[in-house]
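Below are the chains, spelled out letter by letter.
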Amino acid sequence: MSDPQYMFSDGAAYERLMGRWSQLVGTRFLEWLALPAGLDWLDVGCGNGAFTEILAARMSPASLTGIDPSDGQIEYARQRAATAQATFHIGDAQALPFADASFDAATMALAISFVPEPARAVAELARVTKPGGSVSTYMWDLPGGGLPLAPLFRALAAVGHPGAMPPSADASRRTALQALWQDAGLVNIDLDLIEIPVHFADFEDFWDSNTLSVGPQARRVAALSEQTRAELRQKLQASLPIAADGSITYTATANAVKGRRAG
């Protein structure tokens, strides 16, 4: 998460780009975790607090801590009314500034593929979790085209400008997640596939949300010539499932894994 190319520093812009989808998939993820209320939670790679907000609202945590490398994202997270009880830190998932066995549940929401060394991050998640505690993550299925932005990435490739994937995109595979959890010595490992609907009011809503916001794909679109951007729009309009009323709805998918720290 420390690579500047992939850091998202504008919390408000990220909210339109991914925040709404991350909250929807995060809700499904917490339902699957099925953990009790009153736990000490750690949210690693918390970004602008979209998932932290869900944790606060749904899990009634005894304590809630978020950490992310972007000060801009953390600042936005602190402004969310629902995260008033949370404590936020700026830091690296691969070197968490917490003592061993500090939390009942440690999770990483839509972040593991942005970590240069996912195995180090998972080892850190396990280290700071109490014996018997929950260690979990979920990530859009990037190799499988599960990202909410997948139609844009396909259209960019069609006009000769393939979108950049995060440095550890393969870590989002089910098999990779299972191996990471096993290698970290976690037990009672389980996997899930989470599907959510991605909806836009019309094509302009899709275009503005995905190209005028933040992240490497927005910079890539901004760098295109006017002619190529027009071609990109045409490719998207031809490929997106546009309904009779102009709305656009398709499915995004995420892989999830959970386990327990032995002991």
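Everything discussed here concerns the structure shown above.
Residues numbered from 1 in each chain as written. Predicted model: local features only at pLDDT ≥ 70, side-chain atom pairs only at ≥ 80, totals over all residues. Heavy atoms only, no water.

A.B. asks: Would you mind going over the packing of aromatic side chains in detail, with residue names and values included?
C.D. replies: Working definition: an aromatic ring pair is given by the centre-to-centre distance plus the angle between the planes. Inspection of every chain in the model, using the stated rule, returns 10 aromatic pairs. When the centroid spacing of 6.1 Å and the interplanar angle of 45° are considered together, the rings of Phe-29 and Trp-32 count as tilted. Linking Phe-29 with Trp-32, this pair stays in helix 1 (residues 11-33), spanning three residues, or about one helical turn. Residue class for Phe-29 comes out buried when judged on its relative accessible area of 0%. You can call Trp-32 buried: its relative accessible area is 16%. Judged by centre distance (4.3 Å) and plane angle (40°), the ring pair of Phe-29 and Tyr-138 falls under tilted. Linking Phe-29 in helix 1 with Tyr-138 in strand 5 (residues 129-140), this pair joins segments that are 109 residues apart in sequence. (Phe/Tyr/Trp six-rings, centres within 6.5 Å; stacked < 30°, edge-to-face > 60°. Helix = DSSP H or I, 4+ residues; strand = E, 2+ residues; numbered from the N terminus. Buried < 20%, exposed > 50% of the residue type's maximum accessible area, 1.4 Å probe, protein only.)

A.B. asks: So what's going on with the sheet that holds strand 2 (residues 63-68)? Residues and values would help.
C.D. replies: Spatially, seven strands are ordered 3-2-1-4-5-7-6 in an open sheet, and the strand pairing comes out mixed. In this open sheet, the two strands that pair with only one neighbour each are strand 3 (87-90) and strand 6 (187-200). Adjacent strand axes in the sheet meet at a mean angle of 20°, parallel and antiparallel pairs treated alike. In the sheet, strand 6 pairs with strand 7 (residues 248-260) via 12 bridges, with the strands oriented antiparallel. When the bridges of strand 7 are listed, Leu-193 appears paired with Asn-255. Those strands touched by helix 4 (residues 118-128) are strand 1 (40-44), strand 4 (103-109) and strand 5, and its axis lies near 145° from that of strand 5. (Pairing = 2+ DSSP bridges. Axes fitted to C-alpha atoms, helices over the stretch in contact; angles between N-to-C directions. Contact = heavy atoms within 4.5 Å.)

A.B. asks: I'd like a rundown of the pairing of strand 3, residues and numbers included.
C.D. replies: Looking at chain direction, strand 2 and strand 3 are connected through four bridges and run parallel. By the bridge assignment for strand 3, Gly-66 is matched with Phe-88. Considered for its hand, the β-α-β crossover made up of strand 2, helix 3 (residues 71-79) and strand 3 is right-handed. (Right-handed = clockwise from strand over helix to strand, strands pointing away.)

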